[in-house]
Structure formats: structure tokens, C-alpha cells
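Given next are the chains, with one letter for each unit.
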Amino acid sequence: PFYMIKEINEVPQIIYNTTNYYSKNKVLENIPKGFWKGISRIKLIACGTSYHACLIGEHLLSEIGYDTTSYIASEFIYSDPIIDKNTLCVFVSQSGETADTLSAINIAKQKGAKTIGITNVLTSTITKICDYILPIKCGAEIAVASTKAYNGQLTVFYILSKYLSNNIKNYKKVLNDLKKLNKIIDIKNIEEQIKPLVKAVLDSNTVFMVGRQTDYVTSLESSLKLKEITYINCQGYASGELKHGTISLVDNNTLVFAYITNKKLANKTINVVKQTQSRGAKLCVVSPFDDILTDTTINYKIKLPSCPEYLYPLIAVLPMQLLSYHTSVTLGYNPDKPRNLAKSITVE
Ligand code: M6R
């Protein structure tokens, strides 16, 4: 009935298609080796959902030892960032036409940076001004709320970071692991799990989405999706930061979603969200871990399918893409065309 649900259903296939395209066409291998030489820092720049993809990219590139920072494009252009010929700037834009991102590219180029664009639209402006383009193979994304493009952008960051790690074994492994997700992700199963939560969302005044590290990024992206198409007040937050002020907002009308896909940090996040529960909040845990989900005091649970732990950001965002969609439709809105918004923002 709407493009948004069609596009969410395409996610498993686009992860496969994007990965297959990179392995078949040797997209990264075809960029001259000299381009990658001497890079001393990496800056990732974008807006909205694409910025959230950068935050995951930042985790992945930092893990392999690159000094990496993400910027919101509209902030980057006024921040006088330190850039030289050894700086790689990666710009992410589904449309390739976002004005703030295009301005940021011009600034980075004037300062002598090496530039890469990650985009879904190969005829767009970004493809004409960056040194190299890394495509995502999503097909047209029509709904204003970006879903499959986000998963495509993450896929490219996974491939890029493993390529730059200069470890051929890890590079081949990520290509294999990504391709297998196609069989692991069951959209219908996740959709069945989130349907009872539509009422819980509608019954609450405030929704928080929390997590740590990459789960925090999933919280940010999930909360953007929910507010964008349902107009419900929702905040994505680092779970450890709630106690520094924001927890005072929590009461009986609060719903908290906790993302727990990092085994080592699981108990840390559980401890924090239990504190919100003791202040009246209802709690929904989104996790693949059975030992976390057996806790009978959790009000709602969403079980993610098992996959290699480092790939969970690709899967953990799906429940909230679906929940946002179903809540929007239940409220009688058109999820494809939220108020006050356009698909690409071509003005500053
Ligand atoms: O086309 P872009 O990726 O450059 O667009 C950036 C943002 O405007 C976009 O991601 C926006 O945040 C989405 N509507 C969110 O769903």
C-alpha cells in the first residue's frame, strides 16, 4: 500500500545486491592504490539518516585504527575543520543532491582533501564532484523516510572498512557474512513481533530509544524514523547519559526501547533501563540474546535473528523502521509523505 513498507521489505535483497556488486565489480580494488596511501585521518559528513550511517562508519573505521570523526554537514561547513591532502573525506547522501552535503564537499576540496561519495543516485551532483563514488545498489527510494538506503550505506561502510584494514581474510569474510544476511533476515517475523507495540507507543507521551556504542546509533536512527512519520515525541539517547539529567523526564507515560546487541555491554544497558522502569516507564528490549530476553520483568521483547555480532546494526534498525511505519498507518497518516518534509533538501 505504501512505498515505505515495500522499501523495508527490500532490505535483505539490497544488502545482498550491494555486496555482490562490490565483489563482482571489484569497486574498491579498481580505485588506484595511491589514492588510499598516506591517509592520516578520515572525516565522514552527511545529514539526517545518512549522518547516522556515518556514525556507524566511524565505529568501523576507528576500530581498524583510523582517526575518524563524523560531522553533520550543516555544522561541518561552519567549523573550519583541519583538512589537508592526507585527509579522506567521505560524503554520504542517498539522493546525492542535499545542499548542505554538497557545500561541505566544496569546502573539503578547496582544502585539498581526498573525496569519496557514497550515494544511491549515480546521475546526481555528488557523483560529479567527488574523486570517487561508492554506489549503494538500492534502486529508487521513494518514501521520504529513508530505510533501505540506510542499510545500503552501512553495507558499504562494512565493505570499505574491511578493505582498508588490509587483511584479505577479513575482507572476504565480511563479503560472505553480508551475503548470508539475505537468508537470515525475516522481515515478516519482525513485523509480527512489533505489531503489539503500536498500541504501547500510542499509549505513551514520550518514547526513548537507548543503547551504547553502535546500539546508540541505532537509537538515534530509530527515533528519527518514529518522529519523522508519526509526529510522536521520541528521543534517541546514549543509555549511560540518561542519568545526567534526562531521566527526570521519565514517568508512567514513558516507553523506553533498549537496544542490546553488544554482549559485553548488555548488563550495563539493562541496569540503566531498569532504573527507568522503576520510575514508571514501560520497557521494550530489542536483542538477539536469549539470556537477556528471558527476564520476565521486561514488558515487551523483540528478538533479533542471530548473526555475527559486528553486523547487528544492519538488523537492529529494522524493528523500528517497521514500528514507525505501522504506527503512522494506524494514525491515518501517509508514511511516504510526512508533513513539512521533502525527499531531498536542496536548500541550505
Ligand atoms: O539524500 P540524503 O541522504 O543526503 O538526505 C539526507 C537527509 O535529508 C535524509 O536522510 C533524511 O534525514 C531522511 N528523510 C530521514 O528519513
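A quick note: this is a predicted structure, and the numbers were derived from the prediction, not measured.

Participant: Summarise the nonpolar core; cite the residues concerned and give the values.
Facilitator: A general feature of soluble globular proteins is that nonpolar side chains tend to end up buried together. Ranked by internal contacts, the top residues of the largest apolar core, which has 84 residues, are L28, W36, L134, F157 and F257. The residues contacting W36, other than those within four sequence positions of it, are L28, I31, L88, I116, L160, Y163 and L164. Formed by 19 residues, the second largest nonpolar core is a distinct cluster that contains L242, I270, V272 and L293.

Participant: Give a description of the pattern of salt bridges that names residues and reports values.
Facilitator: Scanning the entire structure with this criterion turns up 14 salt bridges. One salt bridge in this structure joins K199 and D203, with 2.7 Å as the shortest N-O distance. Note that D295 and K274 form a salt bridge whose closest N and O atoms lie 2.7 Å from each other. Note that D295 is positioned in the loop between α14 (290–293) and β10 (300–303) and K274 in helix α13 (residues 266–278), a separation of 21 residues in sequence. Given the relative accessible area of 26%, K274 is considered partly exposed. Linked through salt bridges whose partners overlap, the residues forming this network are K6, E10 and K148.

Participant: Quick rundown of the site of the ligand? Include the residues and the values.
Facilitator: Residues in contact with the ligand amount to 15 residues; listed here are only the nearest, S50, S93, S95, T98 and E228. S146 is positioned such that a nitrogen or oxygen atom in its backbone is 2.9 Å from an oxygen atom of the ligand. Within the side chain of E228, a nitrogen or oxygen atom sits 2.6 Å from an oxygen atom of the ligand. A total of 410 Å² of accessible area belongs to the ligand in isolation, and the protein chains cover 90% of it. Of all the secondary-structure elements, those providing two or more residues to the shell around the ligand are α4 (48–63) and α12 (214–230).

Participant: Before we move on, could you go through the state of the cysteines and cite the residues and values that matter?
Facilitator: A covalent bond bridging the sulfur atoms of two cysteines is what the word disulfide describes. For the structure on display, the rule yields zero disulfides. Just so you know, C89 is unpaired, no disulfide at all, and the nearest cysteine sulfur is the one on C130, 9.4 Å from it. Of the residues examined, C89 reaches a relative accessible area of 0% and is grouped as buried. Of all cysteine sulfurs in the structure, the one in C234 sits closest to C284, which takes part in no disulfide; the separation is 12 Å.

Participant: Which residues make up α13, and what values do they have?
Facilitator: Taking 1.5 Å per residue as the helical rise, α13 with its 13 residues ought to reach 18 Å, and the 18 Å between its terminal C-alpha atoms agrees with that figure. Where α13 is concerned, the buried positions are A266, T269, I270, V272, V273, T276 and Q277. All buried residues of α13 project into a common sector of 165° when viewed along the axis, lining one side. Across from the buried face of α13, at angles greater than 90 degrees, the exposed residues are N267, K268 and S278. If you follow the buried residues of α13, they end up packed against β6 (206–211), β8 (254–259), β9 (282–287) and α14. G280 sits one or two positions beyond α13 and adopts a positive phi of about 110°.

Basis of the calculations
Residues numbered from 1 in each chain as written. Predicted model: local features only at pLDDT ≥ 70, side-chain atom pairs only at ≥ 80, totals over all residues. Heavy atoms only, no water. Core = buried A, V, L, I, M, F, W, Y, C linked by side-chain atoms within 4.5 Å. Buried < 20%, exposed > 50% of the residue type's maximum accessible area, 1.4 Å probe, protein only. Contact = heavy atoms within 4.5 Å. Salt bridge = Lys/Arg side-chain N within 4 Å of Asp/Glu carboxyl O. Helix = DSSP H or I, 4+ residues; strand = E, 2+ residues; numbered from the N terminus. Near = heavy atom within 4 Å. Polar contact = N/O pair within 3.5 Å; in protein donor to acceptor, adjacent residues only side chain to side chain. Areas by Shrake-Rupley, 256 points an atom, 1.4 Å probe, with all protein chains shown as cover. Disulfide = S-S within 2.5 Å. Expected span 1.5 Å × (residues − 1). Arc of directions from axis to C-beta.

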